[in-house]
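# A structural walkthrough
For reference, the chains in residue letters:
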Amino acid sequence: MGKVPCAGCKKKCKGEVLKVQDKHFHIDCFKCTTCSTPLAAGGFFCKDGSYYCSSDYQTQFGTRCAKCNQYVEGEVVTALGRTFHQNCLLCINCGSTFPPGEKVTFREGRSMCQNCINRLPSPPVSPIHDAPKGAKCAGCNKALQDGHAVLALDKHWHENCFKCVTCGQILHGEYMGREGKPYCENDYQEQFGVHCAGCERFITGRVLQAGDQHFHPECSRCARCGEAFTEGQEMFLQGSEIWHPQCSSSTAPQKPHGVSSCCHLAAIY
């Protein structure tokens, strides 16, 4: 070990040494890149080869909830390209949270659960017959001749002009809106959606976030024992793999250091 250089001070490692991924550190040299807080005894995160304490990682790279503006950790909900704490995105009609994997539908900018959507008498896009006099179509900019129009995204459209801006599909039912533009769900997800690191499909509804990785709740399985993570469990993260702390000793010769204090965000081994 004496010939191995410390990745922090570059001097030879002697005495008690930490191994983090493929690097070795003196105990006192393993510090937060930003604030120099010692990381050997607490949680830490790794990004682009640098190590950070939880606070500095969140400040520089963390994701804020679109509603409360606080940093999000653990299980979150993604909708319309935004991220929410699970308890910050509620159905506007019944006030319930969204179960794992449930589709989040926005109607006139408000989130609704599927139970409430199914009770509605009409779909999100509905023809109307009382467009304002002289109103023009938001799609073609031509006059709405007989007042017959679709009201969506706070604008009036000819029925045949309310299309996905990417593929041109006419949107008769549900649609996704971003910056005032309509998209079909497939194109919206392709351009703005969040990929699951487990199955590589797009995530709609609740999502488990671990470091820079996102998972469907059902896809967040230990890479070593195959068991799913339950809400509130700690995990270790290395690259795209996650595993239970108790599973690390069965396959790794050295004890992992730096379990994150956040229940779903993982430290790097």
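Residues numbered from 1 in each chain as written. Predicted model: local features only at pLDDT ≥ 70, side-chain atom pairs only at ≥ 80, totals over all residues. Heavy atoms only, no water.

## Considerations on the overall build of the chain
The line we're drawing: Strands here are runs of E lasting at least two residues and helices are runs of H or I lasting at least four, both read from the DSSP assignment and numbered beginning at the N terminus. When accessible area is computed with a 1.4 Å probe and restricted to protein chains, residues below 20% of their type maximum are described as buried, those above 50% as exposed, and intermediate ones as partly exposed. Every accessible area reported is derived by Shrake-Rupley at a probe size of 1.4 Å, with residue values counting cover from the shown protein chains alone.
Helices and strands together make up the secondary structure of the chain, namely four helices and 20 strands. Burial statistics for the chain: of 269 residues in total, 39% are counted as buried. For the chain, the exposed surface amounts to about 14500 Å²; the carbon and sulfur share of it is 46%.

## Considerations on the environment of Lys 12
Positionally, Lys 12 belongs in the segment before strand E1 (17-20). Lys 12 sits 13 residues away from Phe 25 along the chain, and the two C-alpha atoms are 9.4 Å apart.

## A look at unusual backbone geometry
Although it is not a glycine, Asn 141 sits at a positive phi angle of roughly 65 degrees. Looking at the secondary structure, you find Asn 141 in the loop between strand E9 (127-128) and strand E10 (149-152).

## Focus: the packing of aromatic side chains
Formally: Geometry of aromatic contacts follows a simple scheme: Phe, Tyr and Trp rings, the Trp one being its six-membered ring, pair when their centres are within 6.5 Å, and the pair is stacked under 30 degrees between planes, edge-to-face over 60, tilted otherwise.
This model, assessed by the stated rule, comprises 13 aromatic pairs. Measuring from centroid to centroid gives 4.9 Å for Phe 25 and Phe 30, while their planes differ by 50 degrees, and the two rings are tilted. Arranged with centres 5.0 Å apart and planes meeting at 65 degrees, the rings of Trp 157 and Phe 162 form a pair that is edge-to-face. By relative accessible area, which is 6% here, Trp 157 ends up buried.

## A few points about the pairing of strand E2 (residues 23-26)
Inclusion rule: Between any two strands, pairing holds if DSSP finds at least two bridges.
Looking at chain direction, E1 and E2 are connected through four bridges and run antiparallel. Across the sheet, the residue bridging to Leu 18 is Phe 25, located in E2. Counting the residues in the hairpin turn of E1 and E2 gives two residues, including Gln 21, whose phi is positive at 55 degrees.

## Focus on the confidence of the model for the chain
What counts, and what does not: Values of pLDDT, which run from 0 to 100, indicate the predictor's confidence residue by residue. Working rule for contacts: check all heavy atoms of both residues, and any pair within 4.5 Å makes them a contact.
Overall, the predicted model of the chain reaches an average pLDDT of 75, with 75% of residues at or above 70. Confidence drops under a pLDDT of 50 for residues 121-127, and excluding neighbours within four residues, the segment shows 18 contacts in the predicted structure.

## Describing helix H1 (residues 54-61)
Within the sequence span of H1, burial applies to Ser 54, Asp 56, Tyr 57 and Gln 58. Turning to H1, the residues buried within the fold contact strand E3 (45-47) and strand E4 (50-52).

## Some details on the nonpolar core
The following threshold applies: By nonpolar core we mean a set of buried residues, namely Ala, Val, Leu, Ile, Met, Phe, Trp, Tyr and Cys, connected to one another through side-chain atoms within 4.5 Å.
With 28 residues, the main nonpolar core has Ala 79, Leu 89, Val 104, Phe 215, Met 235 and Ile 242 as its most contacted residues. When contributions to this core are tallied by element, the ones reaching two or more residues are strand E5 (74-79), strand E16 (205-210) and strand E19 (241-243). Beyond its immediate stretch of four places on either side in the chain, Leu 89 contacts Val 77, Ala 79, Phe 84, Ser 96, Thr 97, Phe 98, Val 104, Phe 106 and Ser 111.

## As for helix H3 (residues 185-192)
Turning to H3, its buried residues number three or more, namely Asp 187, Tyr 188 and Gln 189. Buried residues in H3 make contact with strand E12 (176-178), strand E13 (181-183) and strand E15 (202-203).

## Quick notes on the environment of Glu 200
Relative to the helices and strands, Glu 200 resides in the loop between strand E14 (194-195) and E15. Classification of Glu 200 by relative accessible area gives exposed; the value is 62%. For Glu 200 and His 216, which are 16 residues apart along the polypeptide, the C-alpha to C-alpha distance reads 9.6 Å.

## Examining the environment of Leu 39
Residue position: Leu 39 is located in the loop between E2 and E3. The class of Leu 39 is buried, set by a relative accessible area of 1%. Sequence separation of Leu 39 and Asp 28 is 11 residues, and the distance between their C-alpha atoms is 8.7 Å. Non-local contacts of Leu 39, meaning those with residues more than four positions away in its chain, are made with Phe 30, Lys 31, Cys 32, Phe 44, Tyr 51, Tyr 52 and Cys 53.

## Digging into the side chain of His 26
How we decide: Think of a polar contact as two N or O atoms within 3.5 Å of one another; within protein, one of them needs to be a possible hydrogen donor and the other a possible acceptor, and neighboring residues in sequence only count if both atoms come from side chains.
With respect to the helices, strands and loops of the structure, His 26 is situated in strand E2. On the accessibility criterion, His 26 (17% relative accessible area) is buried. Here the side chain of His 26 touches Lys 12 through a polar contact of 3.1 Å, landing on its backbone oxygen. Leave out the neighbours within four places in its chain, and His 26 touches Cys 6, Cys 9, Lys 11, Lys 12, Cys 13, Lys 14 and Glu 16.

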